[in-house]
Amino acid sequence: MTQPHQQRSGPQSDAGMRATGSQTDVGDRASRWEERYASVERLWSGRPNDWLPELATDWEPGTALEIGCGEGADVLWLAEHGWQVTGLDLSATAVGRLNREAERRGVASRATGVVHDVGDGLPEGSFDLVTSFYVHGGPEEGSLDLVALLSDAAAHVAPGGRLLTAVHAVNPPWHTHHARTYTADELVVGLAGETAGWEVVVAEERRRQVTGPDGQEGWRADAVVCLRRPQPPSS
Ligand SMILES: C[S@@+](CC[C@H](N)C(=O)[O-])C[C@H]1O[C@@H](n2cnc3c(N)ncnc32)[C@H](O)[C@@H]1O
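Note that the structure is predicted; figures quoted are calculated from it, not measured. (Residues numbered from 1 in each chain as written. Predicted model: local features only at pLDDT ≥ 70, side-chain atom pairs only at ≥ 80, totals over all residues. Heavy atoms only, no water.)

Moving on to helix α3 (residues 73-80). Of all the 8 residues making up α3, 7 are buried; the element is thus mostly covered by neighbouring parts of the structure. Looking only at α3, the buried set comprises Ala73, Asp74, Val75, Leu76, Trp77, Leu78 and Ala79. A positive phi of about 95° marks Gly82, the residue just after α3. (Buried < 20%, exposed > 50% of the residue type's maximum accessible area, 1.4 Å probe, protein only. Helix = DSSP H or I, 4+ residues; strand = E, 2+ residues; numbered from the N terminus.)

Structural data, given as structure tokens:
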């Protein structure tokens, strides 16, 4: 994910949303993230996740949906590269930061942050790119089901469009919040029903050096998956 900063909008109608997960702890989930964002001036570094510029720089821009966008570094990167992007996140504080930064950078007409729980489903319509970075769900009862969410995301990818996601595959020892980990294969297999016949552009664990809260060196591996929906055959 975009690294934590230093050391350590308006609401959208839910019309047309489809449910992808249990809603038992929605309030808790939302308030946990909201508290986390509200407790600091900025939670993440403001830089896009590595995988996005690495993979998407040469892609033809179009419409994009960013799921769990946080403060919106990836949304802003896409907008600055010509995409028309909607970012969705639970936290009003994070979404407010995204929308203010989009104004400040002069890309507000291409970048919109919306407060929305994706457990309630995704917006209607299809997108040339759907992304989600480090929205894991957790082991606890009622938490977001990532494979269900990404399957729903795949259903919103336009012909010729892409689904791009990265989540943690192996965490360093100091990682204390126990979000679930996934391998790339696990995601590809989990998505097979919705993405049969799609091109597997990337499906791998990518390892990178990270520094812990006390300056300790370690590494983390991310499962990075990019799948591309084929164009329908021309008649
Ligand atoms: C680990 S952060 C990652 C943020 C950003 N994607 C990044 O890579 O920096 C996970 C984000 O997902 C959001 N999130 C978690 N569950 C969500 C849900 N059900 N609906 C919308 N956003 C959610 C959180 O508010 C948080 O901003």
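And the narrative resumes.
Let us look at the packing of aromatic side chains. Applying the stated criterion across every chain yields a total of 1 aromatic pair. Seen in terms of ring centroids, Trp33 and Tyr37 are 5.9 Å apart; in terms of plane orientation they differ by 35°. Their pairing is tilted. Taken together, the residues span about one helical turn, with Trp33 and Tyr37 both in helix α1 (residues 26-38) at a distance of 4 residues. Note on Trp33: relative accessible area 31%, which makes it partly exposed. (Phe/Tyr/Trp six-rings, centres within 6.5 Å; stacked < 30°, edge-to-face > 60°.)

Time to look at the pairing of strand β3 (residues 84-89). Sheet faces and side chains relate simply in a regular strand, where the side chains alternate between the two faces. Here strand β2 (residues 63-67) pairs with β3 via 5 bridges, running parallel. Bridging from a neighbouring strand, Glu66 pairs with Gly87 of β3. One crossover worth recording links β2 to the parallel β3 by way of α3, and it is right-handed. Across 5 bridges, the pairing between β3 and strand β4 (residues 111-115) is parallel. Pairing of Val85 across the sheet is with Ala111, part of β4. Remark: the β3/helix α4 (residues 92-105)/β4 crossover connection has right-handed handedness. (Pairing = 2+ DSSP bridges. Right-handed = clockwise from strand over helix to strand, strands pointing away.)

Okay, the packing of α3 against α4 next. Across the interface, α3 lies against α4 with an axial gap of 10 Å and an inter-helix angle of 30°. On the basis of their axis angle, the class for α3 and α4 is roughly parallel. α4 is crossed by α3, and the crossing has right-handed handedness. Together, Val75, Leu76 and Glu80 of α3 and Leu98, Glu101, Ala102 and Arg105 of α4 make up the contact between the two elements. Of the residues belonging to the contact of α3 with α4, the class tally is 4 nonpolar, no polar and 3 charged. (Axes fitted to C-alpha atoms, helices over the stretch in contact; angles between N-to-C directions. Parallel < 35°, antiparallel > 145°, perpendicular 65-115°, else oblique. Left-handed = near helix turned anticlockwise from the far one by under 90°. Contact = heavy atoms within 4.5 Å. Nonpolar A, V, L, I, M, F, W, Y, C, P; charged D, E, K, R; others polar.)

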